[in-house]
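# Tertiary structure, described
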Amino acid sequence: MPGPAPIKKILIVDDERDLVEPLAMRLTAGGRFEVAVAFDGDEGFRKALISPPDLALVDLSMPEMDGWELCRRLHGNPRTRQTRVVVMTAWVSADLEKRALSEGVTKVLLKPFEDAELWAAVSAPGEGAPPGRTPNRDF
Amino acid sequence: MEQRVRVLLIEDDPDYTLLMNMYINEACGETLRYVLESADSLQSGLDLLAREEFDIVLTDLMLPDSRGLETLVKVRAKAPGLPVVVLTNIDQEDAGLEAIARGAQDFLSKNRVDGLRLRHSIGFALERNRLFRQMESLVDGSPDGMVIVDRDGMVRYANPAALALFGKTKDQLVGRLFEHDAEPGRAIELAISAGPDRRLSAEMRVAEIEWRGYPARLASIRDVTELKKLEEVRAEVRERTRMDQMKDQLLSTVAHELRTPLSIIKAVVGTLRDHLAGPLSADQEELIASADRNINRLTRLLNNFLDLSRLESRRARVNRRAVDPLELIREVTEGVRMANRGRNVVFLYDLPESAPNVHVDADMIAQVLGNLLDNALRYARARVLVRVARTPEAVEVSVVDDGPGIPPDKFSDLFNKFVQLDRPRGGSGYKGTGLGLAISREIIGINDGKIWAENASGRGACFRFTLPIAAASAEERQEEPHAGASAD
């Protein structure tokens, strides 16, 4: 088992194009990450196979292929098995965290999220993400 | 065991009275013993009935002071429920049958009587009467109203329950037209006005019966007023629950749907604010900062909405365990203090050396304390005090500011939704959502505590809440995950 590799390549997959752009700008700024974007699950999966990312930032509710399905495909393919998946959603449900755990998702980001939460989510363990305020707790 | 039968004979012929006396006493020595008393006129018979107790009346229909069936009617009126056997002459057989139809138990033809027949008739009359009374007691004792209506729609009989139900006397009901349609078939509902302010709901079922040889209808009427009220209350509760669920669902959907566009605005404004899209002028900086603040405010509002809706509908996940209250309070307060270092407000502690563990959901209590500290900061002039005290069953936490305090007329709805005080020193910029205290009240309620507000002595507001002390067993369970109660 390789240890957690530092995260370099990030793939953002969200059908909300207006969100993808500022997210990409933020992650690109500072030059720490290489960022690719896709606007649906299918495109995201194809781009991931061509250039496997270290981390995929995936919206849960997308048409055709939703975030869970994309996560399963990424983890089911040898080329992208190591890709860490962070999901984003505006919908909180009681079993969200449990589901995320069982689907092998690294982190759930609840929209709207703080910059600090984003940084923490895209940092490998031990990379020392900048401390941020505690995210709003959801019961 | 010897059984005595007390017989009253009303007969104006002394010879016949003697004869009857003889017949009746033939049976002496058996288990039944007859005691016969006689009267020679209807009036003296009625007098005896008034004075003494009898089991049965034998009466001639033809008396000096009364003739025919009239005699029977008067005897029965005097002694209702007492069996009557009428004595008829040879040519009066029809009168005898008529007498039975009018309530006599039997008739005897005077010139055909012998001892056996007499005693047989008495025994038969007593038994027939007993059966009749038994049936009557069933009907009279029934808690349901029973009304017998003849084919002309006239009430022929009503039991006491029916009289009570309709609020009428026997004369007001029996012998009059029945006011309701007594149609056999499905149960129907009656609205009965049984008095000036007594409205009852009743359920009526009708059966076809025979009454005194004629087809009639038996209406059985049950008071369902209480049941109906209960059902109405149940229906109301169901409806209210349904509306609540719809409201929760709507609120939840709206709040969630708003989150996606909000997250986009937040990301875009954040990009501008952090100069990721190029440098900003001072005016632009200011405008973007204002947009950013209000995005955060809207986010808080949405999150509070969702929190409150989950708390109110008891869908909130609660994870109660034994928690060190001092550690929790210090951690939360320090967090708030660090975040407000720029403010000219001092945070003071008044904490005991130690405090027992409390049985609460730590994250929830942190949220409450955070709310109260935010509130206090908004109104404080120079200081915010956090005090912890121990009561026998609870740990009491107070957050005291030195602001203007709470106007007396605001205490009652302070913890209601969207109530915000317009206290003069309310800071600009940060605005509350008006939900913080409502959420706090729900959370403290779920954690079996109390929360209230008072004005601090001197000046300022003081918000207090209690946290229940954890039982020893709860502390031992601390290691197990999810040992706390769950509200789901």
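Residues numbered from 1 in each chain as written. Chains lettered and ligands numbered in written order. Predicted model: local features only at pLDDT ≥ 70, side-chain atom pairs only at ≥ 80, totals over all residues.

## Let's talk about the overall build of chain B
Broken down by element type, chain B carries 13 helices and 19 strands. Residues counted as buried form 31% of the 488 residues belonging to chain B. Taking contacts inside chain B between residues at least 6 apart in sequence as the whole, the part at least 24 apart equals 61%. (Helix = DSSP H or I, 4+ residues; strand = E, 2+ residues; numbered from the N terminus. Buried ≥ 20, exposed ≤ 12 C-beta atoms within 10 Å, placed from the backbone. Contact = placed C-beta atoms within 7 Å.)

## Quick look at the confidence of the model for chain A
Looking at chain A, the pLDDT average stands at 85 and 86% of residues meet or exceed 70. This stretch, residues 129–139 of chain A, has a pLDDT under 50; its non-local contacts, to residues over four places away or in other chains, come to 25 contacts. (pLDDT = per-residue confidence, 0-100.)

## Side note on the sheet that holds strand S8 (residues 145–150) of chain B
Residues and elements named next belong to chain B. Here five strands make up an open sheet; going across it, the order is S9-S8-S12-S11-S10 and the pairing antiparallel. Because the sheet does not close on itself, it has two edges, and the strands there are strand S9 (155–158) and strand S10 (188–193). Across this sheet, the average inter-strand angle for adjacent strands is 30°, counted without regard to direction. As defined by bridge partners, S10 adjoins strand S11 (residues 199–211) across six bridges and the pair is classed as antiparallel. Bridge pairing in S11 links Glu-189 to Glu-203. (Pairing = 2+ DSSP bridges. Axes fitted to C-alpha atoms, helices over the stretch in contact; angles between N-to-C directions.)

## Details of the pairing of strand S1 (residues 3–10) of chain B
All names here are of chain B. Two elements, S1 and strand S2 (residues 32–39), share eight bridges in a ladder whose sense is parallel. The residue of S2 that forms the bridge with Val-5 is Tyr-34. Taken together, the four bridges between S1 and strand S3 (residues 56–60) define a ladder with parallel strand orientation. Bridge pairing links Ile-10 to Thr-59 in S3.

## Observations concerning helix H2 (residues 42–51) of chain B
Residue and element names in this part refer to chain B. Three or more residues of H2 are buried, namely Leu-42, Gly-45 and Leu-46. Taken end-on, H2 shows its buried residues confined to a sector of 100°, consistent with a single buried face. Of the surrounding elements, those touching the buried residues of H2 are S1, S2, S3, strand S4 (62–63), strand S5 (66–67) and helix H3 (69–78). (Arc of directions from axis to C-beta.)

## Regarding the interface of chain B and chain A
On the side of chain A, 19 residues touch chain B, which itself brings 22 residues to the contact. Taken together, the elements giving at least two residues each to the side of chain B that touches chain A come down to helix H8 (225–273), helix H9 (282–312) and helix H11 (362–379) of chain B. With 11 residues, the single largest contributor to the side of chain B that touches chain A is H8 of chain B. Classifying every residue of the side of chain B that touches chain A by side-chain character gives eight nonpolar, eight polar and six charged. (Nonpolar A, V, L, I, M, F, W, Y, C, P; charged D, E, K, R; others polar.)

## Remarks on helix H5 (residues 115–141) of chain B
Residue and element names in this part refer to chain B. Its 27 residues place the ends of H5 38 Å apart at the C-alpha level, agreeing with the 39 Å of an ideal helix rising 1.5 Å per residue. Buried residues of H5: Leu-118, Ile-122 and Ala-125, and no others. Check the buried side of H5 and you find it contacts S1, helix H1 (14–25), S3, strand S6 (84–88) and strand S7 (106–109). (Expected span 1.5 Å × (residues − 1).)

## Describing the pairing of strand S4 (residues 84–89) of chain A
Residues and elements named next belong to chain A. Extensive coverage of S4 is indicated by the burial of six of its six residues. Here S4 shows two buried faces, one formed by Arg-84, Val-86 and Met-88 and the other by Val-85, Val-87 and Thr-89. Two elements, strand S3 (residues 55–59) and S4, share five bridges in a ladder whose sense is parallel. Paired with Asp-59 across the strands is Met-88, a residue of S4. The handedness of the S3 to S4 crossover, carried by helix H3 (residues 67–76), is right-handed. (Right-handed = clockwise from strand over helix to strand, strands pointing away.)

## Here's the deal with the environment of Pro-356 of chain B
Looking at the secondary structure, you find Pro-356 of chain B in the loop between strand S14 (346–350) and strand S15 (358–360). Sequence separation of Pro-356 of chain B and Pro-325 of chain B is 31 residues, and the distance between their C-alpha atoms is 7.6 Å.

## Focus: the nonpolar core
Generally speaking, soluble globular proteins have nonpolar side chains that are buried together. Residues and elements named next belong to chain B. Within the largest apolar cluster, 43 residues are counted, with the highest numbers of intra-cluster contacts made by Ile-365, Val-368, Leu-369, Ala-376 and Val-399. Ranked by residue count, the leading element in this core is H11, at 11 residues. Residues contacting Val-368, with those up to four places away along its chain left out, are Ser-440, Ile-443, Ile-444 and Phe-465. (Core = buried A, V, L, I, M, F, W, Y, C linked by C-beta atoms within 7 Å.)

## Some thoughts on the sheet that holds S2 of chain B
Working definition: the strands of a sheet are paired by backbone hydrogen bonds and lie parallel or antiparallel to each other. All names here are of chain B. Within the open sheet, the five strands sit side by side as S2-S1-S3-S6-S7. Their pairing is parallel. Both edges of this open sheet fall to S2 and S7, since each of them pairs with a single strand only. Taken pair by pair, the neighbouring strands of this sheet meet at an average axis angle of 25°, ignoring direction. Against the sheet, H2 contacts S1, S2 and S3, and its axis sits at roughly 150° relative to S1.

## Re the confidence of the model for chain B
Atomic detail in the predicted coordinates should be set aside for any region of low pLDDT. Residue and element names in this part refer to chain B. Residues of chain B with pLDDT of at least 70 account for 92%, and the chain-wide mean is 86. In the model of chain B, helix H13 (residues 472–476) stands out as the element of lowest mean pLDDT, 50, in contrast to S3, which has the highest, 95. With pLDDT under 50 throughout, residues 423–430 is counted as low confidence; its partners more than four residues away or in other chains account for 13 contacts. Every residue in residues 473–488 scores below 50 in pLDDT, and together they form 26 contacts with partners more than four places removed in sequence or on other chains. Taken together, the chains of this predicted complex give a pTM of 0.55 and an interface ipTM of 0.82.

## Here's the deal with the packing of helix H1 (residues 17–28) of chain A against H8 of chain B
Two elements in contact, H1 of chain A and H8 of chain B, have axes separated by 9 Å at closest approach and are oriented at 35°. Like other packed secondary-structure pairs, H1 of chain A and H8 of chain B cross with a definite hand, here left-handed. Of the residues in H8 of chain B, those touching H1 of chain A at Asp-18, Leu-19, Pro-22, Leu-23, Met-25 and Arg-26 of chain A are Ser-263, Ile-264, Ala-267, Val-268, Gly-270 and Thr-271 of chain B. Considered class by class, the residues forming the contact of H1 of chain A with H8 of chain B number seven nonpolar, three polar and two charged. (Left-handed = near helix turned anticlockwise from the far one by under 90°.)

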